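An overview of the molecular structure
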Amino acid sequence: MILLHGVNVTVIGECFAVAVLLCAFICARAQGSIVLSDVTQETSITFKHTDGGSGERYLVETVSAGLALLDYDNDGDMDIYFLNGAPLKGTKVDSKPRNRLYRNDGRMKFSDVTMEAGVGDEGFGLGIAAGDYDNDGDVDIYLNNYGANVLYRNNGNGSFTDVTQEAGVANGFQVGSGACFLDMDKDGDLDLYVSNYLEFSYEKHVPHTVAGVSVYANPRYYQPVPDSLYRNNGDGTFTDVTRESGIGSLAGWGMGTVCADYDNDGDMDIIVANDVAENFLWQNDGTGKFVEVGLMTGLAYDFHGEGQGSMGVDCGDYDNDGWLDLYVTSYQRQLATLYRNLGDGHFEDVSLASVAGAATYGIGNK
């Protein structure tokens with residue numbers, strides 16, 4: 001892991017920090033105001049990621065993992081939680097890899113506090129969300145894994161408790177990806193959106209070769225699945241409302257997610273970057289019921305009408321017009337896409353016109 005000093009980046013959910021840093025670097029270089037330098041050694045961060053591969057080229061290896069920047073101890077600076085993979089079938093390891101939490105001690109110095117904080121999950125991490133789901137003033141952590149998911153409640157004393165079972169958010173045995181907290185029904189507590197990638201198991205593994213060389217199979221060799229939505233009951237538990245909310249009506253190869261009020265109507269909508277297919281935009285009616293409007297808003301496909309291998313998504317008002325725009329990272333030999341919010345319920349792909357996508361072609365190789 002390399003940490004670059006000079007850019008303040010907060011990534012929550014399934015994240016592709018390299019792409020974010022690259023975009024920041026390109027903008028900074030154009031302005032000539034920021035210079036990045038490698039300060040990894042000084043930070044004492046020694047995290048090493050593994051995808052758990054054994055040479056069988058299981059598809060889940062291609063989407064691990066991510067990180068979150070969060071102030072877990074309320075001391076005013078950002079700490080780092082790293083996701084890790086786990087040994088897949090046939091992989092032999094001396095010791096199991098685990099997720100790592102590094103406490104920011106200030107002046108670019110970090111301490112590994114994983115074990116004392118109790119957050120060293122050994123699952124196959126794919127996505128992460130951080131938010132105060134229990135309204136007690138500190139940040140909790142949700143892990144979206146290949147396998148059972150994990151909810152860590154922040155105890156407020158530097159430690160966490162695994163409350164997954166009592167909260168009811170293990171999410172079955174899925175191939176996880178993005179995750180985000182949102183208040184979907186404006187009741188004052190955070191609900192939970194969990195994106196699911198596809199149906200995968202060792203029995204369903206698809207060996208694939210190109211010109212006699214073993215490669216990872218295209219995600220379309222596997223069935224897409226609906227994402228999951230959990231309503232916060234306000235008592236430490238959640239209820240699965242995937243079906244009744246409308247979220248369960250469509251299946252997709254869900255990856256990164258972001259929750260934002262794209263139409264300025266006062267409630268939180270959900271944007272999902274789908275791999276190898278159209279993106280989803282779930283429009284909230286204000287009560288936690290959703291309708292998918294990606295196609296009619298222009299967000300489903302790029303300027304050429306093609307579905308990309310979308311990986312991550314984030315939002316921001318880049319043109320200062322009062323409407324949130326969206327930036328979607330993609331797969332190799334594809335442009336990252338900047339969707340400008342026109343303010344009338346529609347988005348326009350301005351990746352080329354704005355030059356935002358010019359330097360992104362060819363990056364994002366899995």
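One can find the structure itself at the top, above this paragraph.
Source: prediction; values computed, not measured.

**Focus on the sheet that holds strand E4 (residues 79-82)**
A sheet is described by the order of its strands in space; here four strands give the open sequence E3-E4-E5-E6, paired in antiparallel fashion. Of all the strands in the sheet, the pair left with one neighbour each is strand E3 (67-70) and strand E6 (109-112). Within this sheet the neighbouring strands show an average axis-to-axis angle of 25 degrees, counted without direction.

**Looking at the pairing of strand E15 (residues 228-232)**
With four of its five residues buried, E15 lies for the most part within the structure. Bridge count for strand E12 (residues 191-196) against E15 is three bridges, and the pairing is antiparallel. The partner of Val194 across the bridge, within E15, is Ser228. Here E15 runs beside strand E16 (residues 238-240); their pairing, made up of three bridges, is antiparallel. Paired with Arg231 across the two strands is Thr239, which belongs to E16. Adjacent in sequence and paired antiparallel, E15 and E16 are bridged by five residues, among which Gly234 carries a positive phi angle near 80 degrees.

**A few points about the pattern of salt bridges**
It is possible for side chains of opposite charge to pair when their charged atoms get near one another. Across all of its chains, the model carries six salt bridges by this definition. One salt bridge connects Arg100 with Asp112, and the closest N-O pair in it is separated by 3.3 Å. With Arg100 in strand E5 (residues 100-106) and Asp112 in strand E6, the pair connects residues that are 12 residues apart, well separated along the chain. For Arg100, a relative accessible area of 26% translates into the label partly exposed.

**Observations regarding the packing of aromatic side chains**
Using the criterion set out here, one finds 13 aromatic pairs in the structure. Seen from their ring centres, Phe82 and Tyr102 are 5.7 Å apart, and the 85 degrees between their planes marks the pair as edge-to-face. Remark: Tyr102 occurs in strand E5 and Phe82 occurs in strand E4; sequence separation between them is 20 residues. Each member of the pair Phe82 and Tyr102 is classed as buried. Following the ring pairs from residue to residue traces out a cluster consisting of Tyr58, Phe124, Tyr146, Phe173, Phe200, Tyr202 and Tyr222.

Reading the values: the criteria
Residues numbered from 1 in each chain as written. Predicted model: local features only at pLDDT ≥ 70, side-chain atom pairs only at ≥ 80, totals over all residues. Heavy atoms only, no water. Pairing = 2+ DSSP bridges. Helix = DSSP H or I, 4+ residues; strand = E, 2+ residues; numbered from the N terminus. Axes fitted to C-alpha atoms, helices over the stretch in contact; angles between N-to-C directions. Buried < 20%, exposed > 50% of the residue type's maximum accessible area, 1.4 Å probe, protein only. Salt bridge = Lys/Arg side-chain N within 4 Å of Asp/Glu carboxyl O. Phe/Tyr/Trp six-rings, centres within 6.5 Å; stacked < 30°, edge-to-face > 60°.

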